[in-house]
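Structural overview
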Amino acid sequence: LDLESNNICDAGATAFADSLRINSALSELCLSGNNIGDAGAAALADALHTNSTTTEINLWGNVIGNVGGTAVADALLTNSTITEIDLGIIDANNDVKNKIGELICINREADSREEARRRKSKLCIEWMVDAEDEDQAGAQYEAAVVLALEEMESLPKPEHRRELFH
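What you see is a predicted model, and the numbers here were worked out from it, not measured in a lab.

With that settled, consider the sheet that holds strand β1 (residues 28-30). Taken together, three strands build an open sheet; the order of strands is β1-β2-β3 and the sheet is parallel. Two strands in the sheet have a free side with no partner beyond their single neighbour: β1 and β3 (84-86). Taking each pair of neighbouring strands and ignoring which way they run, the sheet shows an average axis angle of 0°. With three bridges connecting them, strand β2 (residues 56-58) and β3 associate as parallel partners. Bridging from a neighbouring strand, Ile-57 pairs with Ile-85 of β3.

Any empty space left between atoms is shown by rolling a water-sized probe over those atoms. As enumerated under the stated definition, the model contains two cavities of 30 Å³ or more in all. As a volume, the second largest cavity reaches approximately 30 Å³. For the second largest cavity, the full set of lining residues is Ala-41, Leu-44, Ala-45, Leu-48, Ile-57, Leu-59, Val-72 and Ile-85. For the lining of the second largest cavity, the element with the highest residue contribution is helix α2 (residues 38-48), accounting for four residues. When grouped by side-chain class, the residues that make up the lining of the second largest cavity number eight nonpolar, no polar and no charged.

So, on to the packing of aromatic side chains. Counted under the stated rule, the structure contains zero aromatic pairs. For Lys-99, the ring lying beneath its charged end belongs to Trp-127, and the centroid distance is 4.9 Å.

To continue, consider the nonpolar core. If you look at the biggest cluster of nonpolar residues, it comprises 38 residues, and the most contacted ones within it are Leu-44, Leu-59, Ile-85 and Ile-100. Residue assignment for this core shows that the elements contributing at least two residues are α1 (9-22), α2, α3 (66-78), α4 (94-109) and α5 (113-130). Contact partners of Ile-85, with chain neighbours within four places excluded, come to Ile-57, Val-72, Ile-100 and Ile-104.

Along the chain, Ile-8 turns up in the segment before α1. C-alpha of Ile-8 to C-alpha of Leu-31: the two residues are 23 residues apart in sequence and 8.6 Å apart in space.

The rules behind the values
Here the residue numbers are simple positions, counted from 1 along each chain's written sequence. With the structure being a predicted model, the display of local features is reserved for residues of pLDDT at least 70 and the display and counting of side-chain atom pairs for 80 or more, all residues being used for whole-chain, interface and lining totals. Calculation of side-chain values draws on the structure's entire complement of heavy atoms; hydrogens and water are dropped beforehand. Strands were regarded as paired on the criterion that DSSP finds at least two bridges between them. Segments assigned H or I by DSSP are reported as helices when at least four residues long, segments assigned E as strands when at least two residues long, and all are numbered from the N terminus. Every axis in this analysis is a line fitted to C-alpha atoms, fitted for helices over the stretch in contact. Angles between the N-to-C directions lie between 0 and 180 degrees. For cavity detection a 1 Å grid was placed over the protein atoms alone, and a set of points counts as a cavity when a 1.4 Å probe fits there but cannot get out; an open set counts as a pocket when protein lies on both sides within 12 Å along at least five of seven lines, with lining residues being those that have an atom within 4 Å of a point. Grid points are joined across faces, edges and corners, and a volume is the space filled by probe spheres set on the points. Each residue gets one label: Ala, Val, Leu, Ile, Met, Phe, Trp, Tyr, Cys and Pro are nonpolar, Asp, Glu, Lys and Arg are charged, and the others, such as Gly, are polar. Pairing of aromatic rings covers Phe, Tyr and Trp, the last through its six-membered ring, and needs centres within 6.5 Å; plane angles under 30 degrees mean stacked, over 60 mean edge-to-face, and all others mean tilted. Note on geometry: a ring has a charge over it if NZ (lysine) or CZ (arginine) is within 6 Å of the ring centre and within 35 degrees of the ring normal. As used here, the term nonpolar core means buried Ala, Val, Leu, Ile, Met, Phe, Trp, Tyr and Cys residues forming a set that is joined through side-chain atoms within 4.5 Å. Only protein chains enter the area calculation, which uses a 1.4 Å probe; residues under 20% of their type maximum are buried, those over 50% are exposed, and those in between are partly exposed. The contact criterion used throughout is that any non-hydrogen atoms of two residues lie within 4.5 Å.

Here it is in structure tokens:
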């Protein structure tokens, strides 16, 4: 779906995010050049937590900063279907941009959702160890715990675990 240069701004991105949450057919989305800021990016990112069909998103040419970029990175922690994201020149710091890049790389390379989740859990722990302050470390710790809990839910039921080791 190409909605490039329609000046939908944050309000339009937020409205579109509501439909993205329940959409099960959209694989590519272009929202470049729409004057979307942090609030719109955060709304779209929130929708990506539950969307499992979209694989490519283009947000180039918007006014996304650290807040929106961080929201996108947080969404990519749980979303394993996005394999291409074009943020273009966003006004986010290099740490945020690098996190998004690392998470997209995992999504591209992982053979399964479970492998992506394990790799992202490990990456969150690495980020936590490398964090420069307590707030940043706390956020990474929380993300790692959430991913670990999701991984535990994907484990076989106790009565079937024995079969894994024999």
